[in-house]
Amino acid sequence: MNLPDLLPAEWRDELAPFLDEKATASLGAFVAAEYAAHTIYPPIEDLFAAYRLCPPAETRVLILGQDPYHGPGQAHGLSFSVRDGVRIPPSLRNIFKELAEDVGVAPPASGDLTGWARQGVLLLNAVLTVRAGAAASHAGKGWEAFTDATIRALDARDERVVFLLWGGYARKKAALITNPAHIVLEAGHPSPLNREGFRGVRPFSAANKALADGGRPLVDWDPR
């Protein structure tokens, strides 16, 4: 499996300078073998959904997750998002509560965040695949270098991107963002197990202020 060939052409060109060819080939072989032998989420047709919905030139905000959901029917290639009709996970419920308090968007009935992605919000997980029922089972297999390359490619762009880094894992990626054109907004993870550091930080209004200050269009944070 040649992973770059599965990317939209614009992203393939943007990532090429930041990817190690040998490591990417090794990752592709691992991913192909896992899909052949196990139930892997998201379905392969959704593997690069975040990239397909959000071209690099249109990317205004990046929200970084860690690992896809590992339950049936949940993961569809967008961080924190679940398909329409799937029960909204606890972290996403917390995100929706903050959304309501921050910008007045009533909590949606659906956890599908495709509406954000279509507006230039790159909903990226650091690891893009997972075995069914086995959280973090594909961590440390090479995806991290691939998605770090995505962050580096966005950092190399001149147009402002706002990076929303939630939780300790995501916040470590701030070191990859060195271009002063961009803005990093850090917060605690939205998991309800994290009792402080996310609720009340008002990330959505802060992101729109940073976009406005950088001359970029705002995001309508209602995903419906």
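Residues numbered from 1 in each chain as written. Predicted model: local features only at pLDDT ≥ 70, side-chain atom pairs only at ≥ 80, totals over all residues. Heavy atoms only, no water.

Engineer: Would you take a moment to explain the packing of aromatic side chains for this structure?
Structural biologist: Each pair of aromatic rings is reported with the distance of its centres and the angle of its planes. Tallied over the full model, the rule gives 12 aromatic pairs. Measuring from ring centre to ring centre gives 5.0 Å for tryptophan 116 and tryptophan 221, while their planes differ by 90 degrees; the resulting arrangement is edge-to-face. Taken as a pair, tryptophan 116 in helix α6 (residues 114–117) and tryptophan 221 in the segment after α9 (203–213) lie far apart in primary sequence, 105 residues in all. Per residue, the accessibility class of tryptophan 116 equals that of tryptophan 221, and both read buried. Through pairs of rings, three or more aromatic residues link up here, namely Phe80, Trp116, Trp166, Phe198, Phe204 and Trp221. (Phe/Tyr/Trp six-rings, centres within 6.5 Å; stacked < 30°, edge-to-face > 60°. Helix = DSSP H or I, 4+ residues; strand = E, 2+ residues; numbered from the N terminus. Buried < 20%, exposed > 50% of the residue type's maximum accessible area, 1.4 Å probe, protein only.)

Engineer: Even after reading the chapter, I still don't get the sheet that holds strand β3 (residues 121–125), so can you show me in this structure?
Structural biologist: Two orientations exist for strands paired in a sheet by backbone hydrogen bonds: parallel and antiparallel. The sheet built from 4 strands is open, its strands ordered β3-β2-β5-β6 with parallel pairing. This sheet does not close on itself; its edge strands, each paired only once, are β3 and β6 (183–187). Here the average twist between neighbouring strands, direction ignored, is 20 degrees. Looking at chain direction, strand β2 (residues 61–65) and strand β5 (residues 162–166) are connected through 4 bridges and run parallel. Looking across to β5, one finds that leucine 62 is bridged to phenylalanine 163. Contacts from helix α7 (residues 143–155) reach β2, β3 and β5 within the one sheet, and its direction differs from that of β3 by about 155 degrees. (Pairing = 2+ DSSP bridges. Axes fitted to C-alpha atoms, helices over the stretch in contact; angles between N-to-C directions. Contact = heavy atoms within 4.5 Å.)

Engineer: For this particular structure, what's the right way to read the pattern of salt bridges?
Structural biologist: Tallied over the entire structure, the rule returns 13 salt bridges. Across the pair glutamate 34 and arginine 131 runs a salt bridge whose closest N-O atoms are separated by 2.7 Å. In this pair, glutamate 34 sits in helix α3 (residues 21–37) while arginine 131 sits in strand β4 (residues 130–131), placing the two residues 97 residues apart along the sequence. Note on glutamate 34: relative accessible area 8%, which makes it buried. For glutamate 98, the salt bridge is made with arginine 202, and the minimal N-O distance between the two is 2.9 Å. (Salt bridge = Lys/Arg side-chain N within 4 Å of Asp/Glu carboxyl O.)

Engineer: Quick question: what am I supposed to make of the UniProt feature "active site" (unreviewed entry) in the protein chain here?
Structural biologist: Residues given the UniProt feature "active site" (unreviewed entry) here are Asp67. With respect to the helices, strands and loops of the structure, aspartate 67 is situated in the loop between β2 and α5 (90–103). The residues contacting aspartate 67, other than those within four sequence positions of it, are Asn125, Val127, Thr129, Val130, Ala135 and Ala136. Among the polar contacts made by the side chain of aspartate 67, one reaches the main-chain amide nitrogen of alanine 136 at a distance of 2.7 Å. (UniProt positions renumbered as here; feature names shortened; annotations may be inferred. Polar contact = N/O pair within 3.5 Å; in protein donor to acceptor, adjacent residues only side chain to side chain.)

Engineer: Can you walk me through the environment of serine 137 in this structure?
Structural biologist: Mapped onto the elements, serine 137 comes out in the loop between β4 and α7. C-alpha separation for the pair serine 137 and valine 127, spaced 10 residues apart in sequence, amounts to 9.6 Å. Discounting residues that sit within four places of it in the chain, serine 137 has contacts with Val130 and Arg131. Separated by 2.9 Å, the side chain of serine 137 and the backbone nitrogen of arginine 131 make a polar contact. Of note is the side chain of serine 137, whose polar atom sits 2.7 Å from the backbone oxygen of alanine 134.

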